[in-house]
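Each chain, written out:
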Amino acid sequence: MRVGFGYDVHAFVEGRPLILGGVEIPYTHGLLGHSDADVLLHAICDALFGAAALGDLGLHFPDSDPAYKGVSSVVLLEKTVTLVAQKGFAVANIDSTLVLQRPRIASYVPVMVDNIARAMHVPAGCVSVKATTTEELGFTGREEGVAAYAVVLLQEKR
Ligand code: MG
């Protein structure tokens, strides 16, 4: 068994879509980034890389690489799972938390779970997405951006 942890933050800006867990959520602001800035999927990728001791998202998908400009982070997650599988690991389960004051995302969580499960080739029951506010404290509370945390458990394939 191998455990991994991931954390990511992206800033809110006007004029971009808000994409979380592979779902486009109607909102006044989106997240700034080289890819689609899906902060949740980036945290999950980093948890996977961490568990497999394979470095991090920036190492594998550098934001200096034009190939990843505007890319869907679902694609990055699929590539990450492939790299982890090539190292001999299968995903057992994943837990994650999105930290944002607004918008309310509870109704989108089941679709996020399905997107993540499909990209990771695991049943939806192995994927958890939670959300919390920070009671209007800190940068997430001031609605300057969104943070995400993820932990993943990998099993060595036999
Ligand atoms: Mg990121």
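Calculation notes
All chains use their own residue numbering, which begins from 1 and follows the written sequence. Only residues with pLDDT of at least 70 are given local features in this predicted model, and only at 80 or more are side-chain atom pairs given and counted; all residues enter the totals for whole chains, interfaces and linings. Note that water and hydrogens are dropped before the side-chain values are worked out from all heavy atoms of the structure. Secondary structure follows DSSP: runs of H or I at least 4 residues long count as helices, runs of E at least 2 residues long count as strands, and numbering of each begins at the N terminus. Each residue is placed in one exposure class: buried if its accessible area under a 1.4 Å probe, protein chains only, is under 20% of its type's maximum, exposed if it is over 50%, and partly exposed if it falls in between. The charge count treats Lys and Arg as positive and Asp and Glu as negative. His and the chain ends do not count. Salt bridges are defined as contacts in which a side-chain nitrogen from Lys or Arg sits within 4 Å of a carboxyl oxygen from Asp or Glu. Any Phe, Tyr or Trp ring, taking Trp's six-membered ring, that has another such ring centre within 6.5 Å forms a pair; planes under 30 degrees apart are called stacked, those over 60 apart edge-to-face, and the others tilted.

Caption draft 1: Just the side chain of Asp38, in detail. Mapped onto the secondary structure, Asp38 falls in the loop between strand S4 (29-31) and helix H1 (39-51). Buried within the structure, Asp38 lacks any salt-bridge partner; its nearest side chain of opposite charge belongs to Arg16, at an N-O separation of 10 Å.

Caption draft 2: Fine view of unusual backbone geometry. The peptide bond linking Arg102 to Pro103 adopts the cis configuration, its omega dihedral lying at -5°. By the element assignment, Pro103 lies in the loop between strand S5 (89-99) and helix H4 (109-120). A positive phi angle, near 60°, is found at His121, a position not held by glycine. You can see His121 is positioned in the loop between H4 and strand S6 (127-132). With a relative accessible area of 64%, His121 lands in the exposed category.

Caption draft 3: The arrangement of the packing of aromatic side chains in detail. Inspection of the entire model under this criterion finds five aromatic pairs. Ring geometry for Tyr7 against Tyr149: centres 4.8 Å apart, planes inclined by 35°, an arrangement best described as tilted. With Tyr7 in strand S1 (residues 2-14) and Tyr149 in strand S7 (residues 145-156), the pair connects residues that are 142 residues apart, well separated along the chain. For Tyr7, a relative accessible area of 37% translates into the label partly exposed. Judged by its relative accessible area of 36%, Tyr149 is partly exposed. Arranged with centres 6.2 Å apart and planes meeting at 50°, the rings of Phe49 and Phe61 form a pair that is tilted. Note that Phe49 is positioned in helix H1 and Phe61 in the loop between helix H2 (57-60) and helix H3 (73-86), a separation of 12 residues in sequence. Using a relative accessible area of 0% as the deciding quantity, one classes Phe49 as buried. In this structure an aromatic cluster arises from ring pairing among Phe5, Tyr7 and Tyr149.

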